[in-house]
Amino acid sequence: MVSSTEYGSHTWDLLLTVDHQHEDVEKEFLLQVTGDLHVGGLMLKLVEQIKIAQDWSDYAFWWEQKKCWLLKTHWTLDKCGVQADAKLIFTTQHKMLRLRLPNMKTVRLKVSFSSMVFRAVSDICKMLNIRRSEELSLLKQSEGTLKKKKKKDKNSKEPATEDILNLCNSPVSSGLPANPGLYSKTMTPIYDPVSGSPASSTITWFSDGSLTEQSCSILALSHPTCSPEMLAEMYQPRTLADKAKLNAGWLDSSRSLMEQGILEEDQLLLRFKYYTFFDLNPKYDAVRINQIYEQARWAILLEEIDCTEEEMLIFAALQYHVSKLSLSSETQDSTCEPEVDEVEAALSNLEVTLEGGNKSNILEDITDIPKLADSLKLVRPKKLALKAIKTYWFVFRDTSISYFKNKESAQGEPIEKLHLKGCEVVPDVNVAAKKFGIKLLIPVADGMNEVYLRCDNEDQYARWMAACVLASKGRTMADSSYQPEVQKILSFLQMKNWTMCSQAASETENVDMKPECFVSPRYTKKFKSKQLTARILEAHQNVSQMSLVEAKLRFIQAWQSLPEFGLSYYIVRFKGSKKDDVLGVSYNRLIRIDMATGDPITTWRFSNMKQWNVNWEIRQVAIEFDQNVSIAFTCLSADCKIIHEYIGGYIFLSTRSKDHNETLDEELFHKLTGGQE
């Protein structure tokens, strides 16, 4: 039998701080504890001491020195490593957070500060009715991207109250699991696929969830408030090093907000981190489509991604069209069209799938390998800026291009065979000048081999460009995505092909347009306001018949077709190199880019990757590819964990399949992206 004096020698004092709002009740409590007391028992003892009748279910212990939560309530203090000098704070797990959305609107909502960021983002997306939460993450703005704002923001640090959408009464606020939001497992259409407004039959859902009809309108409809002054205040990257700053602040998905130094009422950016937008559907994704559109729009306006003058005018025309439709009263009204029966639609979909879709697209003979054969111009860059242009007979088969002196010699040996798997495909198009070029950067032992192909017309360009894009990913023209890719390229070229008509010329005088809101500052300086208005209206003729959602989706498609789309940049130092390079991380490849010239040096495809790992001691990422190719680099512009998570995240997203339950293998995500530091 242990005597009371012996027992007393095993107890020790632990100072606990309680984070509560009652001013008249003390916040610090000294409890006598033993090492074998479990965390749940410590909570119970503390609550009995506080003597405040309230719901303590959302409270947990935060260990200040070790920056970690004590969430395993069955663990003893000894097992947790808690001793008398530990500073434990008894605080709520859900706290208020401000999130700046891609459309530059700020929402204020309660978020779990104790869950891993991956889970917290999933809950946030359920509150905001955004499907496929795995594509998004939270970004902390780095100091470099805030410099420009500091002078002006000295007096007004906080955004105006009316600009903040308060969602603090959502179900997640109280620590309850989020409701399924506006998309559910029954997959009932909840948005009008034309206007993007909530379907009339589901308007009542808003009163139960965190979003009201008005809030949904703010998130699902575009409200252009951009001005040249606002653009001038925002951070605009000028170089690749500047672009690298934009991606330095991604939070670690495998750790909680609190563990990463985020405090209550802090502001973070909610952004699409992974550029693989899976299963976009206007019936369920009005908010998601609008937020992707807005992220693309700001990337264009702030020149985070380069585009030609012709492309900038198309983006401007689509923005103008979207803003017109968003402001018009018709789009605000919910749809009057009869709803399609979901079972009927599913059966119809299944029928098309079983029949193989359009019969004209089915290969007549499954053994027949599709090929292209055409007369094209080959442009070889030579020294002293001279180019050699010559016409050859080109044959595209599988994932390679062979070219011959003429059509008759196509049965013999080719002059050269170009293997396109893993190459970079860059469009070089000017529709007005009838220039349809394809720039191929083909990986060779000592870098990249540049080849330019020149097509005669739009149709020929679309077929060859689509074949090159697929071949670069290791796919052939037999792939089901070939025809849709051709159509996508043709529709984009069609948007670029406009002529000024007398009607558009007269419209210029009558339209009250602020063209500076639709183009980047570079073009505002280059053209006068009237000239810009006229040119935007010219381009607008080709998109003026589109519905609101169609225009947004077309904008997203045009953004996706830009050569730099989906690249996140980091400054790195490769092992054995004496200078810094830029590493571009995309959904299917890594690109080493010369920091001074911006030219790609080498490309490595994820499909050829055997394994990758991180040496956490020296913060070095090492990757092995097929054919005994291996690379290693240290990251200078951000933590190497961010690049490690990007690679694992893209590989995880490539495993997704269409599943109405939208279940995610969270464990697999953390296996691929988590680090053993």
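All of these numbers come straight from a predicted model, not from anything done at the bench.

Quick notes on the rules
- Residues numbered from 1 in each chain as written.
- Predicted model: local features only at pLDDT ≥ 70, side-chain atom pairs only at ≥ 80, totals over all residues.
- Heavy atoms only, no water.
- Axes fitted to C-alpha atoms, helices over the stretch in contact; angles between N-to-C directions.
- Helix = DSSP H or I, 4+ residues; strand = E, 2+ residues; numbered from the N terminus.
- Parallel < 35°, antiparallel > 145°, perpendicular 65-115°, else oblique.
- Contact = heavy atoms within 4.5 Å.
- Nonpolar A, V, L, I, M, F, W, Y, C, P; charged D, E, K, R; others polar.
- Salt bridge = Lys/Arg side-chain N within 4 Å of Asp/Glu carboxyl O.
- Buried < 20%, exposed > 50% of the residue type's maximum accessible area, 1.4 Å probe, protein only.
- Phe/Tyr/Trp six-rings, centres within 6.5 Å; stacked < 30°, edge-to-face > 60°.
- Lys NZ or Arg CZ within 6 Å of the ring centre and 35° of its normal.
- Arc of directions from axis to C-beta.
- pLDDT = per-residue confidence, 0-100.
- Pairing = 2+ DSSP bridges.
- 1 Å grid on protein atoms, 1.4 Å probe; cavity = no way out; pocket = protein on both sides within 12 Å on 5 of 7 lines; lining within 4 Å.
- Points joined across faces, edges and corners; volume = space filled by probe spheres on them.

So, on to the packing of helix H11 (residues 309-327) against helix H15 (residues 482-496). One can describe the packing of H11 onto H15 by two numbers: an axis separation of 9 Å at closest approach and a directional angle of 90°. Classed by the angle they form, the pair H11 and H15 counts as roughly perpendicular. Residues Glu310, Glu311, Ile314 and Leu318 of H11 pack against Phe492, Met495 and Lys496 of H15. Residues of the contact of H11 with H15, tallied by class, amount to four nonpolar, no polar and three charged.

This paragraph deals with the pattern of salt bridges. In the structure shown here, the tally under the stated rule is 34 salt bridges. The partner of glutamate 135 in a salt bridge is arginine 656, and the shortest N-O contact between them spans 3.0 Å. With glutamate 135 in the loop between helix H4 (117-128) and strand E8 (136-139) and arginine 656 in the loop between helix H20 (640-653) and helix H21 (666-673), the pair connects residues that are 521 residues apart, well separated along the chain. Residue aspartate 580 pairs with arginine 573 through a salt bridge whose shortest N-O separation is 2.7 Å. Overall, the relative accessible area of 31% leaves arginine 573 in the partly exposed class. Connected through salt bridges with shared partners, the residues Arg131, Arg132, Glu134, Glu135, Asp279, Asp285, Arg288 and Arg656 form a single ionic network.

With that settled, consider the packing of aromatic side chains. Summed over all chains, the structure comprises 28 aromatic pairs. Both rings, one in tryptophan 56 and one in phenylalanine 90, keep their centres 5.9 Å apart while their planes meet at 25°; by these two values the pair is stacked. Of this pair, tryptophan 56 sits in the loop between helix H2 (39-50) and strand E3 (59-63) while phenylalanine 90 sits in strand E5 (residues 88-92), placing them 34 residues apart in sequence. Residue phenylalanine 90 is classed as buried on the basis of its relative accessible area of 1%. Taken together, a centroid distance of 5.5 Å and an interplanar angle of 80° make the contact between tyrosine 275 and phenylalanine 565 edge-to-face. With tyrosine 275 in the loop between strand E10 (267-272) and helix H10 (286-301) and phenylalanine 565 in the loop between helix H19 (548-560) and strand E18 (568-574), this residue pair connects regions lying 290 residues apart in the sequence. For tyrosine 275, a relative accessible area of 16% translates into the label buried. Chaining the aromatic ring pairs together yields one cluster made of Phe272, Tyr275, Phe277, Trp559 and Phe565. Taking the ring centre of phenylalanine 574 as reference, the NZ or CZ of arginine 592 above it sits at 4.2 Å.

Every buried residue belonging to H21 is among Glu666, Phe669, His670, Leu672 and Thr673, and all of these are buried. The arc that holds the buried residues of H21, viewed along the axis, is 165°, so those residues lie on one side. Opposite the packed face of H21, turned more than 90 degrees from it, sit the exposed residues Glu667 and Lys671. Buried residues in H21 make contact with H4, strand E22 (609-615) and H20.

Turning our attention to the confidence of the model for the protein. For the protein, the mean per-residue pLDDT works out to 82, and 78% of the residues sit at or above 70. Note on residues 148-162: pLDDT is under 50 here. Beyond four places in sequence and across chains, it has 12 contacts. Across residues 171-187, confidence stays below pLDDT 50; counting only partners more than four residues off in sequence or on other chains, it has 42 contacts.

What follows deals with the pairing of strand E24 (residues 629-635). Judged from the three bridges that link them, E18 and E24 form a sheet pairing that is antiparallel. Bridge assignment links valine 572 to a residue of E24, and that residue is cysteine 635. Pairing analysis gives six bridges linking strand E23 (residues 620-625) to E24, with the strands arranged antiparallel. Considered in E24, the bridge of alanine 622 is made with alanine 632.

Pairing is mixed in the open sheet, where five strands are placed in the order E8-E10-E6-E7-E9. What marks the edges here is a single partner per strand, and that holds for E8 and strand E9 (164-166). Direction aside, neighbouring strands of the sheet carry axes that sit 40° apart on average. In this sheet, E10 lies alongside E8 in antiparallel orientation, the contact comprising four bridges. Residue pairing for E10: serine 137 is matched across the bridge by arginine 271. Across the sheet, H4 touches strand E6 (94-100), strand E7 (106-112), E8 and E10, and the angle it forms with E8 is around 110°.

Turning to empty space enclosed by the protein, a few remarks are in order. Overall, the coordinates contain three cavities of 30 Å³ or more when judged by the stated rule. In terms of lining, the largest cavity is formed by 35 residues, of which the most central are Leu139, Leu246, Arg271, Tyr275 and Glu304. Of the residues that constitute the lining of the largest cavity, the class distribution is 19 nonpolar, seven polar and nine charged. There is about 80 Å³ of room inside the second largest cavity.

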